[in-house]
Amino acid sequence: MDRERDTLEELRSDEAALEQEVLAARREAAAMAEQAHREAQAIAAEAIREGEREVVRLRAAAAQEADRAAAEARSSALGQSEELERRAARNLARAIARATAAAVGD
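Computed from a predicted model, the values in this text were never measured in an experiment.

**Looking at the overall build of the protein chain**
Counting its regular elements, the protein chain contains one helix and zero strands. In summary, the protein chain has a C-alpha radius of gyration of 45 Å against a globular reference of 13 Å for 106 residues, an excess of more than 25%. By principal-axis analysis of the C-alpha atoms, the protein chain measures approximately 150 × 15 × 10 Å. Relative to its full complement of 106 residues, the protein chain shows a buried share of 0%. Between the centroid of the 17 positive side chains of the protein chain and the centroid of its 23 negative side chains there is a distance of 16 Å.

**A short note on the environment of A97**
Take A97: it is sitting in helix α1 (residues 2-104). C-alpha separation for the pair A97 and R3, spaced 94 residues apart in sequence, amounts to 138 Å.

**Overview of the pattern of salt bridges**
Across all of its chains, the model carries ten salt bridges by this definition. Where R53 meets E46, a salt bridge forms, and the shortest distance between an N and an O atom there is 2.9 Å. For R53, a relative accessible area of 43% gives the class partly exposed. Measuring nitrogen to oxygen at the nearest pair gives 2.9 Å for the salt bridge that ties R86 to E83. Pair noted here: R86 and E83 are both in helix α1, with a separation of three residues, about one helical turn. You can call R86 partly exposed: its relative accessible area is 43%. Linked through salt bridges whose partners overlap, the residues forming this network are E46, R49, E50 and R53.

**Focus: a negative patch on the surface**
On the surface, D6, E9, E10 and D14 cluster together into a negatively charged patch. Judged by its relative accessible area of 47%, E9 falls in the partly exposed class.

Rules used throughout
Residues numbered from 1 in each chain as written. Predicted model: local features only at pLDDT ≥ 70, side-chain atom pairs only at ≥ 80, totals over all residues. Heavy atoms only, no water. Helix = DSSP H or I, 4+ residues; strand = E, 2+ residues; numbered from the N terminus. Rg over C-alpha atoms; globule rule 2.2 N^0.38 Å. Buried < 20%, exposed > 50% of the residue type's maximum accessible area, 1.4 Å probe, protein only. Lys, Arg positive; Asp, Glu negative; His and termini not counted. Charge placed at Lys NZ, Arg CZ, Asp CG, Glu CD. Salt bridge = Lys/Arg side-chain N within 4 Å of Asp/Glu carboxyl O. Patch = residues over 30% accessible without salt bridge, like charges linked within 9 Å, V, L, I, M, F, W, Y side chains within 5 Å. Areas by Shrake-Rupley, 256 points an atom, 1.4 Å probe, with all protein chains shown as cover.

What follows is the structure, given as structure tokens:
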């Protein structure tokens, strides 16, 4: 009977030790999960910041491209305007010459 009692006591002791180990393992797993969660949040926050920086960079590049395109359009419009002025001057000279010729009876 003493032997059975000793065995039973030993089993109870082993069970208590196992329960403590399980609790410790659960605490460790919870701490590891919490650490992983914090790391994931930090990674996500950095990715968001990087994305925001990229948006700013892309907006600046788009603004520069728009400025360049507008400058090209102004330059093109100026060139076309100058050509139209030259053609108008030639046409005016011809019109005056025709009007003069018609007036003098040529």
